[in-house]
Structure formats: C-alpha cells, structure tokens
Amino acid sequence: MRLVTAICLLTLAAAAATATTLEKLSVDDMVQKSTAIVRARAAGSSSVVRGSMIYTVYRLQVAEVLKGSLASAEVYVPGGTYGRYRQSVAGSPVLEPGVEYVLFLWASPRGLVQVIGLSQGVFELKQSASGEPVLVRGRIEAELVDARGRAAQDAGLRLTLGSLRESIRRESLRREAR
Amino acid sequence: MRRLALLLLVCGWPAGAYYHFVRYASSTPPFTPVYDRFDLNALPGRAVPYFIAANGPLTLAQGDSETAVYSQIRAAAAVWNSVATAEIKLAFGGFRSEFNGSEAPYIQVEFTDELPPGVLAQGGPVSRLETVDSPDGAFTPIARSVLRLPRDLTARPSWSERFFLTLVHEFGHTLGLQHTWTSGVMSTEITRATTKARPLGQDDVAALSVLYPTAEFRQKTGVITGRVTMSGQGVALASVVALVSGRPAVSALTAPDGTYRIEGLPPGLYFVYVHPLPPSIAGEPQPVNLELPATPEGRVLPGPPFQTVFYPGTPGPVTTIAVVAGGMTAGIDFQVTPITRVNVHSVQTYSFYNRNAIKPATLQINSDWRTVVFTGYGANVLSPSFSVSLLNSPDTIVEGSLREYSAGYLQANVSVTPFSSEGPRHLIFWLNGETYVLPSGVVITQKEPPSIVSVTPQPDGWLLLEGRNLERTTAVWVDGEPARVEFLEQGRLRVLPPPAPSGHQGVLAAWNPDGQSSLYTHGDASPVVSYAGAAEPGLDAPPIQIPAGAEMAVELRGTGADFRLWTPRLATGTSDVAVRKVWATGEGTAIAWLAARPGAAPAVAPLSAVVGLAGLRLPQALTVTAPDGRPYVEISAMQNQYLSPGGAATFPVINLPFSATVANSTATIGGLPAAVLNIAGSSVTVQVPAQLKPGAYLAELSLGGVSALPAVVEVRPVPPIILYAMKADGTTVSPANPARTGDVILLAVAALGEEADIPIDTVEVSSPGGVKHKVASVRTNPREAGTHLVEIRLEPVDAPNGAAPLLIAHGEARSLTPFLLPLAP
C-alpha cells in the first residue's frame, strides 16, 4: 500500500504548473528534448504573427552551439506586441540585451524554434566565485532548505557549464547507443 | 470592528486588487488599474463565443476520444457561467479553425504541435493597445483570446480531474484572470484545492466578478482595503488574503505603492494576512509566476521578501475583521519586516482513498484514517524548528504526529471533532519563526466520495447505478455532459445518459456537492457507458441568412435524440451572430433565436451543433449580409411580455414598411393564423391563437406584403386571477371586513390550472418586497366550477392605501396584476 501510494504521489508532484500550464523539466529532460543548446546573447527583437499567436522573435548572437544545430539564429517567444495588439502569455521569458544566456531550444515539426518549457530553458551564464562559468535560472538557487531548516542550494537548477557539457556528451552517447 | 468604515460603494475604484492582466495609467499614486477584459457591449448577446479548432486528429490516452475531449472543453467553459455575480458568459461558437480578425471578440481553442516540451497548455488574451473608458473604469479590450492544447493528450485523459481543471484554469486566463495564491482554480496545480465537482473557489468568483460585475456583485459582497509598507515604503505585489476556517480564501495583490483592495468577500468575520509572493519554483516563470503589471515606466517588480504577518501585526490569527454586504472595511494596514528569503512555500497536500492520491487532502469526519501527507519548499524534511497547525479550527493537528512519510514528504494526523462542519481548513506552517499559510490545505467532508459498484442497463434505455454515497444531490456525468438522474434510494440512482455518437465509450462519474467524485474512488478504472448500436444524434438547420444588426428565429429538426430531454445547442461559427436561446418544441424539433451584431461584416460561417455529447458539423452555412431593409422583430424587446393563448402579442418591428396596415398584413404563430389587431408606430399587435398550448412558436409576419424575418414567441399559460378572498369563517374580505396579519385567508383563483389536485409546493402567493405567504392547501372551489381555493397565512406586508397587493403563480403561470386585499391597519 505504501509503495503504491508513494508512486502516486511522485506522479502527481512531477507536474508543476504555471500560467501557461507547465510540466517541470529536469536539466537531463531538457538536454534530451532540446534540438539545440546554445550560448548566445540577444541582439535585438521584432514581432511576428504566426497562426493565432504573436511571437517576439529574438535574433541571437550565438557564441557556441553546445548541442545540435540552428537553421537560423532566431528564437520565437510566445507573446508580444504587434501593430495595435498585445498578446499576454504569462511565463514567457524576456531576453535582455547584453546578457549572456544558455538557451535550451526546440524546433517544432514545422521549424518554429522556441525555448523549452518557456522560461525553464533560459539560463543566465555567470561566473562563480572561483571563476567557473555557471548557469543560473532566476532566484531559484536560494530557495531551498536542508534537513536542519537551513538554506540550501538546488544543484539541479544551478550547474556549471562544464557539467552541462558532460550531460550533453552523455546524452549523445546514449542516443548513439540506441 | 474598530476600523470598520461603512461606505457606500460607488464606481471608480482607487488602486487595488491585482490578479488580472494590469497596466497602470500613471507611475505615481493613485494607481488606478487598467484591466485587460472583454467589452461585453461589443458582443451580441453579451456572451463570448469560443470556437474549437477541430483541425486534425489528436493522440489520446487509451479509451479516450475526441468526442470526450470536446465535451470536457464545453463543460470547463460552462464552469465560468456559474458565477452569478459576473455578467460575462461563454457560449460554444462552433467547430472552426479559420479566422479573419474582423469579428466581435472571441476565444480560439486550438490543438497544436508547436507547444514546446514542458508546456502542457497555454491561455491568454490578445488585447488592443488603446484604453477604453467605461463606467466600471478604463480597460484595454480583449480582441480575442487563445487557449492552446497539445495534440498529444496521452498524459492527461479527458476524464481526469487534472485535465478538466487545467481547462477551467486556462479559460480563466482567456477571460483576463491571472494567478493567485489562495488555492482557487486560478492557483497553479501545486496549491490548487478545487475539484471537478466543485471547480471554483471564492477567489475565482471574486476575480471574474471584479472584471465583469453584475449590479448585485457589490451589493452582496464587501471590501477590505489598506496598505502594506516596509520601513514606510509601499510594498508592491504583496498578496493580502482574507480567510476564515470553513470558507475558501479571497485575496488581492498590492499596487506599486502598497495599497490593496480585496473585493468579493461574502459578509462575515475574516482573518487578514499578508505574504510575499513565493519565488518561482522549478518549471515556473521568473521572478514570480505572473505577467507583471506595468506603469508607463516599465514592469512593476515585486517588493523584497518579508515575514508573513496577520492583521494587526501578529504572527498568527488573533483579530478578525468584519465585512458587511455593500460595505468597505478600510485601513487594514500592515507594516512588514524584511527577511533575506522566503524559505517555506508552495506546499501541496494529499490524502488517500482506495489507493488513489487525493489532492488536496480530503478527510472524512467519521473516518479513522485522517492523515495529511504534504511536501513543498521548506516543508519536506523534519526539523525541530518546523511545525504545522490548522488555522482557527476546532479541528487540530494531533500533537506529536508530525513525521516523515517518505523521502521529501511529511505527514501528520488530524483530529476532527464530531461537531466539525464540512468545508476547507487552512494550514499554517512554521519554519524557524517564518510563517506560511496554505489556504484550503485540508478539506473536511461528512462522507466518503461516491462510488459506483454496478451499472445495470434497463429496458427503457436508462441505467441503474448502485454504489455508496449516491444521494439525492448526486450529479452523474458522462464525459463532459450531465446525465438525467432519478434518485431511487440511498445508494441507488436511475440515470439516462446523454445522447452520443454511435459506438462512443463515455466515462461515467458521480459528483457530490461536497466536491468529491467517484473519480476519487475509481480513477482511470471508472465505469464506462457504451453507445454501441445507439441511435446517431443528428440535426438539420436551414441555410441561414441574417443581416447585420437583425434578430431572427430558425426552426431546427433532429433525429436520434429527444430534444425535450436534450435541448440542442446551435453554434453559428461567428462571433458576430449569437444564439440567444434554443427552445425544444417537440421530440425532434426546436427553435433557435439568433441575433447579429450591428456593424457585422458580410461573411459566411460554418454551422455546428451539440446534441448531448455529439458535436455536429452541419453542412449548412450561416451568411451574414449587410442590412437590407427587410423587416425583423426585435425579439429581445419582447422578453418581458407575458403572452398567453388568446391574448395580445406586441411585436416591435424594425424596418416596418410605411405601407403596412392591418388590412394588408397577416401573421401566423405556430403555423396558425393570428389576427393582426393593430399597427402603430413601429409595433404590430397580433392576437395569439387561443388553441396554442404553452411553449415556443415560430411567428411569421407579412407586413404590407413584405415578409419579416421569422421571429419566436414564448406562449405561457393563461395567467391565474385572484377573484376574491375569504376569511376562515367563510366571510368575504372587504374594506368593511378587512384581513389582519396572521389571518388564514382563502383566495378564490381562476385559471390556476385544469387539474383538480394541484400540489401546494407548485403554488406561490407573494407580495412586493419578496414577501411570501405560506400556502397551506389548494383545492377545487365548490362554489364556482373551474376555480380553486388557495389557503394562505397572511404575512406582514406593506399595505399602501389599506390594501395588501397579492400575486399568485403556479409553475410558469403567474398573475399579471396584483389583487388588492383590504387589510386592517
């Protein structure tokens, strides 16, 4: 009974939700499901209408492609302003000019390149105290507590660029093995 | 009470509540919110149509079907129509995937393969940039909204609680609502405490009503206002919550200067607390789970984290605040203390039933098993500085029962008193002196959820359901459509499933008013109704041509379903033409009333219909034409007329030909000739044929040789008339023998009905002001054939000029003019 219920719980807890209803993705999920992972800065943006959606299209200055390839250095983020209209999509990231990001990208069957899981796939690239490049997502690294109720960090949401490269390498090997 | 300030509420609100899509017109106080919302005046029938783009096959869970998915979408939309204090209504607009953008506002529901991994659903408005003024305040009108679902729905079966609540949640976004943290359907799945059987919380009701208030909203509910400051500075985007044990919470977010306004509070006593927005958790947007409001200077960011505090500055609930209907309790201010980070938040609770995890934790008063399992940030490991309690409840967390459940999960036992009442309980978590309140973290019910033990088909097409906790108030649904239910006895129901396409397999679920459903018991193993060999529901509508601005009626014919039990719904495929109402007129016939928006552009739209679970794409089209001068009846202006057989019906006609006279005009109602009595101004008066039974009928007018667009009239029973009144001693009440309050009075009534035995609970005698006089008996009047004697006890009533006005109603029949009963002073 206890095993069964624990499994039920984990199933339920796995799907966090937001404005847009989102499914919580681990870094490994994102590595696996992304069609491209890049280090890039936003070099400007414009808006387009595609079907029912207004998208903000960010042009990227790509410094490095960590996984896959990009047909064009553009990423489509749902929501934005086009002509006399504004589309609100809570959960869409805003890419600030000048900031260096690691972006987990996904190309739809029709070639629309978006960030995975909206803002889940957006990490700022920063330097740790030891000078190592680390991926940081918002304020999330400072929210957790350990067994004594003290602040702790969530290793799954703050990782070094080196460990990301290793994850990508492992995923690539897994894919080749299949 | 000391700060209770009773003020009459007026339109034009100061800065306040925020759980909508908000812009502020200025960057300095006063911060008047400008909301994204639909302009109801731009919509024919004041209803927003939603179109389902059934564009291609879906990948579904085993046993699921597109018919079931579409029915759940319609059911989720209908949830928002249950908010009585909000004027907005949603209406199924049809199956449609092509849009040209020149119509009245609408909602698109579409399935797409362009949602990236990690996105399960998406909803939100597309608004015009310009601001529009209105008596309810300035707003930015929503031009259309979009609700997107993935084509692959294998992870969320259509019958599940989660799929349904996701749909309700996303529809909320399309209407202009954002997230709150008070466990309503607009909370995220983490803390959401609503269920399929009770999908909305009071916070959701308030949120929608603030955007689209009815006249009653601000009369029936109250307001709390105040300001949240830190070191004298206003705190932006702090969440202020009013709650009391046994009721769901209502909240608002602060404006940039820290002011807030919680609207939509039912009268009563409340604890009020303020908490910082929790930081986003994995899988949520940054920095908080909202599209941030904006001033002309840019986005408004949340203030720094602070210690949660109850009014008036206590760490826990001590002082209640009184809220009265139509009043405002002002000055509920908070001074908050900064903390470095929010360490405890986003807690979800579970209980278990039949090996299924139930969220939120739902406990039965008489059960032996009352354990709450929970997990969340800061609430997932035991520590000496961590504790949990119930907010101001007679029920308690059992001391010493807090323990680990499994890695990352804790559990605690709840002690429920035998006198406990049903409803939500709020949890308070404490960690190192930090407070976190989880509204509706536990729900208390009297009984266990309903269960369906057996389903036995009956020869007449009904089903016999046997199980536990199947009650008089139990509703039974097949997929997203309610079935007809007859209560036999406790645990036994007779159920007639809604019509569905032949071969369909529908999931059967019983819902109880306490919010529990048989899905708790059976989950994915819920019983299924098979429609193998069932008659295929079908519907025919004529090709429809309607000029912009006009109203008309069309006759519908169908097969495979009894329309008297399952009224068909017609959908015009355009937001420029609303279906105001459909009347079933026979087993396979119905009449639909349509209204086109003035200014609608000429267009051709695909007609659709819904009969039970069957969504039908009709081969006929609806054509909107430019106004062509053809006469039409303003059907909407006739709705207050009481039309009865033999009586007069006055048709307000637009484009009435100048040449039309009584002599050269004809009319039929229900296909029977109806004498034209008078034509004056823009009105045509016609006699309703005396042989018509109560019901809806097509009315066709030929005016001076010009045919008007068909109209519809609803014929009611001949109105009952109170002829005279007698006292218990048989004397007639008169000015010389007046009645007195409390007297037993016998009313002699004509046209109360043809049957001799009329049940007393179908007869109502009332006076203006909502006064109802108890009906003690109804019997035939031996003195005068065809009349009845209705015995009442006279309640206190205003008696202008020494006479008490009395009205009588029987079913749909009601007296048109009051009988004046002489009353002693």
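Residues numbered from 1 in each chain as written. Chains lettered and ligands numbered in written order. Predicted model: local features only at pLDDT ≥ 70, side-chain atom pairs only at ≥ 80, totals over all residues. Heavy atoms only, no water.

1. Examining the overall build of chain B
When helices and strands are counted, chain B shows 5 helices and 62 strands. For chain B, the C-alpha radius of gyration of 30 Å lies close to 28 Å, the compact-globule estimate for 825 residues. When the backbone C-alpha atoms are referred to their principal axes, chain B occupies close to 90 × 70 × 65 Å. For chain B, the proportion of its 825 residues judged to be buried stands at 60%. Here chain B displays about 30600 Å² of accessible surface, and carbon together with sulfur accounts for 54% of that area. Taken as two groups, the 53 positive and 65 negative side-chain charges of chain B have centres that lie 3 Å from each other. (Helix = DSSP H or I, 4+ residues; strand = E, 2+ residues; numbered from the N terminus. Rg over C-alpha atoms; globule rule 2.2 N^0.38 Å. Buried < 20%, exposed > 50% of the residue type's maximum accessible area, 1.4 Å probe, protein only. Areas by Shrake-Rupley, 256 points an atom, 1.4 Å probe, with all protein chains shown as cover. Lys, Arg positive; Asp, Glu negative; His and termini not counted. Charge placed at Lys NZ, Arg CZ, Asp CG, Glu CD.)

2. Points about the overall build of chain A
Along the backbone of chain A there are 3 helices and 13 strands. A buried classification covers 48% of the 178 residues belonging to chain A. Within chain A, residue pairs in contact and separated by at least 24 positions form 56% of the contacts whose partners lie at least 6 positions apart. Per element, the accessible surface of chain A, about 8000 Å² overall, is 52% carbon and sulfur. (Contact = heavy atoms within 4.5 Å.)

3. Some details on helix H3 (residues 202-211) of chain B
Counted residue by residue, H3 of chain B has 9 buried out of 10 residues, so it is predominantly covered. All of the buried residues in H3 of chain B are Asp203, Asp204, Val205, Ala206, Ala207, Leu208, Ser209, Val210 and Leu211 of chain B.

4. A few points about the sheet that holds strand E46 (residues 632-633) of chain B
Spatial ordering of the open sheet is given by E46-E47-E51-E50 (chain B), a layout of 4 strands whose pairing is antiparallel. Edge positions in the sheet fall to E46 and strand E50 (676-680) of chain B, since each has one partner strand and no second. (Pairing = 2+ DSSP bridges.)

5. A look at the packing of aromatic side chains
Here the structure, examined in full by the defined rule, presents 22 aromatic pairs over all chains. Aromatic pair Phe104 of chain A and Phe123 of chain A: ring centres 5.5 Å apart, planes at 55 degrees, arrangement tilted. Linking Phe104 of chain A in strand E7 (residues 100-107) with Phe123 of chain A in strand E9 (residues 122-127), this pair joins segments that are 19 residues apart in sequence. Phe123 of chain A carries the same exposure label as Phe104 of chain A, and that label is buried. Relative to Phe386 of chain B, the ring of Phe374 of chain B lies with its centre 6.3 Å away and its plane at 40 degrees, an arrangement referred to as tilted. Linking Phe374 of chain B in strand E23 (residues 371-377) with Phe386 of chain B in strand E24 (residues 386-390), this pair joins segments that are 12 residues apart in sequence. For Phe374 of chain B, a relative accessible area of 1% puts it in the buried group. Cluster of aromatic residues (ring-pair linked, three or more members): Tyr50, Tyr70, Phe92, Phe95, Phe111 and Phe171 of chain B. The ring centre of Phe51 of chain B lies 5.0 Å from the NZ or CZ of Arg96 of chain B, which sits over that ring. (Phe/Tyr/Trp six-rings, centres within 6.5 Å; stacked < 30°, edge-to-face > 60°. Lys NZ or Arg CZ within 6 Å of the ring centre and 35° of its normal.)

6. Observations regarding helix H3 (residues 161-177) of chain A
Residue and element names in this part refer to chain A. Taking 1.5 Å per residue, 17 residues should reach 24 Å; H3 reaches 24 Å between its end C-alpha atoms and fits that length. Every buried residue belonging to H3 is among Leu161, Leu164, Ser167, Ile168 and Glu171, and all of these are buried. Looking straight down H3, one finds its buried side chains confined to an arc of 115 degrees; they lie on one side. Seen from the buried face of H3, the exposed residues on the opposite side, beyond 90 degrees, are Glu176 and Ala177. (Expected span 1.5 Å × (residues − 1). Arc of directions from axis to C-beta.)

7. Digging into the confidence of the model for chain B
Any segment with low pLDDT has predicted coordinates that should not be analysed in fine detail. Residue and element names in this part refer to chain B. The share of residues in chain B with pLDDT of 70 or more is 96%, and the mean pLDDT across the chain is 92. Counting contacts from residues 1-18, a segment whose pLDDT is below 50, to residues more than four positions away or on other chains yields 62 contacts. Taken over the whole predicted complex, pTM reads 0.89, whereas the ipTM for its chain interfaces reads 0.81. (pLDDT = per-residue confidence, 0-100.)

8. Details of the environment of Ser767 of chain B
Residue and element names in this part refer to chain B. Take Ser767: it is sitting in strand E57 (residues 763-767). Assessed through its relative accessible area of 4%, Ser767 is described here as buried. Remark: the alpha-carbon pair of Ser767 and Phe819, spanning 52 residues in sequence, is separated by 9.7 Å. A distance of 2.7 Å separates the side chain of Ser767 from the backbone oxygen of Pro805, its partner in a polar contact. (Polar contact = N/O pair within 3.5 Å; in protein donor to acceptor, adjacent residues only side chain to side chain.)

9. Overview of the nonpolar core
Residue and element names in this part refer to chain B. Core analysis: the biggest nonpolar cluster contains 89 residues, and Tyr50, Ile73, Trp80, Phe171, Val272 and Phe334 have the highest contact counts within it. At 8 residues, helix H1 (residues 66-81) tops the list of elements feeding residues into this core. Phe334 has contacts with Arg227, Val228, Thr229, Val240, Tyr260, Val272, Tyr273, Val274, Val309, Phe310 and Tyr311, leaving out every residue within four places of it along the chain. The next biggest cluster of nonpolar side chains, apart from the first, holds 33 residues, and it includes Ile591, Val633, Ala667 and Ile669. (Core = buried A, V, L, I, M, F, W, Y, C linked by side-chain atoms within 4.5 Å.)

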